[in-house]
Amino acid sequence: MAETTAETPVEGVEEYTTETPEAPQEYTSESMASRFGDPQPAAGTGRRKNAIARVRIIPGSGQWKINGRTLEGYFPNKVHQQEVNEPFKVLELDERYDVVARISGGGISGQAGALRLGVARALNEADADNNRGPLKKAGFLTRDARAVERKKAGLKKARKGTQYSKR
């Protein structure tokens, strides 16, 4: 066996240092922005009624992936599709981001509202300086706190009681 000593250099290594070399120009944030355009990847969480939507937006061509399905496959109703797309329409960023979302709980309209809030929060995170004002003005960054009222003891529902009978 050949012994390696301090005098014997290892191939491909000139000198060992503890300093980290600077990143190549191709990996800096300025070059990434110029390669991919202005959009930045971001994430946001939206809630509405009992629905929770975890949303990631990635610079892309406008593809939607909701629980493994397309936007049209998950929300066949055009009103829900329009509601979910509103943050992109307000910012005029149509088809500049791909959206990947996981939605659970609630009903269809609650899930659509949760997804809209998640998309708006993700867009706000991506570029808060330019996006926050229009999103806030349109009301997309406000969580709708309305929820189903709880059932009270002695009543059939939250407010409905039994019918009074005099005789």
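Residues numbered from 1 in each chain as written. Predicted model: local features only at pLDDT ≥ 70, side-chain atom pairs only at ≥ 80, totals over all residues. Heavy atoms only, no water.

- An unreviewed UniProt entry lists the protein under the name Small ribosomal subunit protein uS9, with Streptomyces diacarni given as the organism.
- Under the UniProt heading Sequence similarities (unreviewed entry), the entry covering the protein gives this text: "Belongs to the universal ribosomal protein uS9 family." (UniProt positions renumbered as here; feature names shortened; annotations may be inferred.)

### Describing the environment of Val 90
And step 1. In this fold, Val 90 is placed in helix H3 (residues 78–91).
And step 2. Residues Val 90 and Asn 131, 41 residues apart in the sequence, show an inter-C-alpha distance of 9.4 Å. (Helix = DSSP H or I, 4+ residues; strand = E, 2+ residues; numbered from the N terminus.)

### Some words on the sheet that holds strand E1 (residues 42–48)
And step 1. Spatial strand order, E1-E2-E4-E3: four strands in an open sheet with mixed pairing. Of all the strands in the sheet, just E1 and strand E3 (64–66) have a single pairing partner and so form its edges. The sheet shows a mean angle of 15° between the axes of neighbouring strands, direction not considered.
And step 2. Of the strands in this sheet, E1, strand E2 (51–59), E3 and strand E4 (97–104) are in contact with helix H4 (residues 108–126), which crosses E1 at around 150°. (Pairing = 2+ DSSP bridges. Axes fitted to C-alpha atoms, helices over the stretch in contact; angles between N-to-C directions. Contact = heavy atoms within 4.5 Å.)

### Let's talk about the pattern of salt bridges
And step 1. Enumeration over the complete set of coordinates arrives at six salt bridges.
And step 2. With its nearest N and O atoms 3.4 Å apart, the salt bridge here joins Asp 144 to Arg 48. Pair noted here: Asp 144 is in the segment after helix H5 (128–138) and Arg 48 is in strand E1, with a separation of 96 residues, a long-range link.
And step 3. Residue classification places Asp 144 among the partly exposed positions, given a relative accessible area of 26%.
And step 4. Judged by relative accessible area, Arg 48 falls into the buried class, the value being 13%.
And step 5. The partner of Asp 144 in a salt bridge is Arg 146, with the nearest N and O atoms 2.8 Å apart.
And step 6. The class for Arg 146 is exposed, based on a relative accessible area of 56%.
And step 7. One salt-bridge network, held together by shared partners, links Arg 48, Asp 144 and Arg 146. (Salt bridge = Lys/Arg side-chain N within 4 Å of Asp/Glu carboxyl O. Buried < 20%, exposed > 50% of the residue type's maximum accessible area, 1.4 Å probe, protein only.)

### Considerations on the packing of H3 against H5
And step 1. Across the interface, H3 lies against H5 with an axial gap of 10 Å and an inter-helix angle of 130°. One way to sum up the angle between H3 and H5 is to call them oblique. Between H3 and H5 the crossing geometry is right-handed. Within the contact between the two elements, H3 uses Pro 87, Val 90 and Leu 91 and H5 uses Asn 131, Pro 134, Leu 135 and Ala 138.
And step 2. Residues of the contact of H3 with H5, tallied by class, amount to six nonpolar, one polar and no charged. (Parallel < 35°, antiparallel > 145°, perpendicular 65-115°, else oblique. Left-handed = near helix turned anticlockwise from the far one by under 90°. Nonpolar A, V, L, I, M, F, W, Y, C, P; charged D, E, K, R; others polar.)

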